[in-house]
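# Structure at a glance
So you can see what is in the structure, the chains are spelled out below.
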Amino acid sequence: MFLDKEYLFTPGPTPIPNRVNVAMSKPMIGHRSAEFPVLLEDVATRLQPVFGSDNPVCILSASGTGALEAAAVNTIEPGDHVVVIVGGAFGDRFAKILEAHGANVHRLEVEWGTVCQPEQLEDFITSANYQVKAVFATYCETSTSVIHPINELGEVTKRVSDALFIVDGVSCIGGVPADMAGWNIDILVSGSQKALMLPPGLAFVAVSDHAKEVMKNNKAARFYFDLNRYFDAYEQKKSTPFTPAVSLIYGAQEVCQMIEEEGLDNVIKRHDLLKTMTREGIKALDIPLLTSDEIASPTVTAVKPENGKANEMKKMIKDKFNISLAGGQQKLSGEIFRIGHMGYCTPYDVLTVLTAVEMTVKAIDGKDVLGAATKRAQEVWSEHV
Ligand SMILES: *Cc1c(COP(=O)(O)O)cnc(C)c1O
């Protein structure tokens, strides 16, 4: 086979459209040139609908975790009490970042593979004997492949407290709806290498006016991720305080163009279709899924084969069929494999990965399931054309 033909189905990084690669190979420009402010303003404003943000989106040169850290250090001072919803590896990461910066972290633990219900958050906040400064949630918890009811969690947060509502949208923004004002989100962060179909290296932070005020008054130590520096540089010169990843920002401009051409609504519908095709296909093979349909993410699917065959299947799918999937993280290690279907992903891509899963089931279990998953996925797709 052609080993240079990549079949990348990890939930980040994700495949890069060729036209984005072309855009990223433009000649370098100086970030203090006359051209750069035009580029930055174009991208920061065209990303607004993708984040559902009333303000231009702040662009950092970092991986997604940099944006999580920026959200934390700009809002929280050592000793502040925060609530972190932890239902997987990324909720846990948010908690660890906050702990590292001296926050009093109250973990609202939910069983992995489920979501935090609004009532659970309400009980947790109202029974707290401390002032909650902020609630941290994960929109798509990539490690378990669930999608949280962010609109309802935001509503609860604001109804029962004065806390900021801060959301990690790294593995879904660009594939799901977002409405910061309507959903009471103060900060929504993302990264480049997931549904935004860029290489790793950019982190995005969308911020409400209220959060901006909090950041101005925040006394916590910070420098590179001091967002006030980014807001000042943007407002004064449409620039960045430090050297930005210019090539990636050219790529982001092309991504905005692609999203606008397809239409954001259609992008979101496509991700729903990819999810349903993937889930129905796997079900047709009688392989259990980790999560229920109601809370399943449109961007990634967690498959939980019986008898702990997840790693064996993932390895065969890679070794024999050249398709890269992700395994389980932390306590789900060896229990699941995950199929990313976000960003530059089409229904044909889902058929490709399901084909490999079918052949793998046949090889491992001796069951003749060829065509079963792909047929079911095609039926789903047919209903949408
Ligand atoms: C990928 C991811 C991140 C950020 O990871 P980086 O490796 O720092 O880019 C954060 N949160 C979630 C939910 C993710 O999926």
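Reading the values: rules and limits
- Residues numbered from 1 in each chain as written.
- Predicted model: local features only at pLDDT ≥ 70, side-chain atom pairs only at ≥ 80, totals over all residues.
- Heavy atoms only, no water.
- Pairing = 2+ DSSP bridges.
- Helix = DSSP H or I, 4+ residues; strand = E, 2+ residues; numbered from the N terminus.
- Axes fitted to C-alpha atoms, helices over the stretch in contact; angles between N-to-C directions.
- Contact = heavy atoms within 4.5 Å.
- Buried < 20%, exposed > 50% of the residue type's maximum accessible area, 1.4 Å probe, protein only.
- Expected span 1.5 Å × (residues − 1).
- Arc of directions from axis to C-beta.
- Phe/Tyr/Trp six-rings, centres within 6.5 Å; stacked < 30°, edge-to-face > 60°.
- Lys NZ or Arg CZ within 6 Å of the ring centre and 35° of its normal.

### Comments concerning the sheet that holds strand S5 (residues 132-138)
- Pairing is mixed across the open sheet formed by 7 strands, whose spatial order is S2-S10-S9-S8-S5-S3-S4. In the strand order of this sheet, the two ends are held by strand S2 (58-61) and strand S4 (104-109), each with one partner. Looking at each pair of strands side by side, their axes are set apart by 20° on average, direction ignored.
- Contacts from helix H5 (residues 89-100) reach strand S3 (81-86), S4, S5 and strand S8 (164-168), with the element oriented near 160° to S3.
- Across the face of the sheet, helix H8 (residues 209-217) comes into contact with S8, strand S9 (187-191) and strand S10 (202-207) while running at roughly 105° to S10.

### Description of the sheet that holds strand S11 (residues 300-303)
- Strand order in the open sheet made by the 3 strands is S11-S14-S13, with antiparallel pairing throughout. The sheet is open, and its two borders are formed by S11 and strand S13 (326-327), each paired with just one other strand.
- Strand direction decides the pairing type here: S13 and strand S14 (residues 337-340), joined by 2 bridges, are antiparallel. Bridge assignment links Ala 326 to a residue of S14, and that residue is Arg 338.

### Here we look at the environment of Ser 247
- Take Ser 247: it is sitting in helix H10 (residues 246-262).
- A relative accessible area of 24% places Ser 247 in the partly exposed class.
- When the C-alpha positions of Ser 247 and Ser 25 are compared, they lie 6.9 Å apart, and in sequence the two are 222 residues distant.
- Other than its neighbours up to four places away in sequence, Ser 247 contacts Met 24 and Met 28.

### So, the environment of Ile 76
- Secondary-structure assignment places Ile 76 in the loop between helix H4 (64-73) and S3.
- We classify Ile 76 as buried; its relative accessible area is 5%.
- Separated by 143 residues in sequence, Ile 76 and Lys 219 have C-alpha atoms that sit 8.5 Å apart.
- Apart from residues lying up to four places away in sequence, Ile 76 is in contact with Val 82, Leu 98, Ala 103, Lys 133, Ala 134, Phe 136, Asn 218 and Ala 220.

### Considering H10
- Taking 1.5 Å per residue as the helical rise, H10 with its 17 residues ought to reach 24 Å, and the 25 Å between its terminal C-alpha atoms agrees with that figure.
- Buried residues dominate H10, accounting for 12 of its 17 residues.
- Within H10, burial applies to Val 246, Leu 248, Ile 249, Tyr 250, Gly 251, Ala 252, Gln 253, Glu 254, Val 255, Cys 256, Met 258 and Ile 259.
- The first or second residue beyond H10 is Gly 263, which carries a positive phi of 95°.

### Here we look at helix H12 (residues 310-321)
- The terminal C-alpha atoms of H12, which comprises 12 residues, lie 16 Å apart, in line with the 16 Å expected from a rise of 1.5 Å per residue.
- Here H12 has its buried residues at Ala 310, Met 313 and Ile 317. Burial along H12 is one-sided: seen end-on, the buried residues are contained in an arc of 70°. Opposite the packed face of H12, turned more than 90 degrees from it, sit the exposed residues Lys 315, Asp 319 and Lys 320.
- As for H12, its buried residues are in contact with strand S12 (323-324), S14 and helix H13 (347-365).
- Positive backbone phi, approximately 65°, marks Asn 322, located one or two places after H12.

### What about the packing of aromatic side chains?
- Under the criterion given, the structure shown has 8 aromatic pairs.
- Relative to Phe 136, the ring of Phe 94 has its centre 4.8 Å away and its plane inclined at 65°; by these criteria the two rings are edge-to-face. Pair noted here: Phe 94 is in helix H5 and Phe 136 is in strand S5, with a separation of 42 residues, a long-range link. By the burial criterion, Phe 94 is buried, and Phe 136 matches it.
- What links up through ring pairs into an aromatic cluster is the set Phe 223, Tyr 224, Phe 225, Tyr 230 and Phe 242.
- The lysine or arginine in question, Lys 212, covers the ring of Phe 231, its NZ or CZ lying 4.8 Å from the ring centre.

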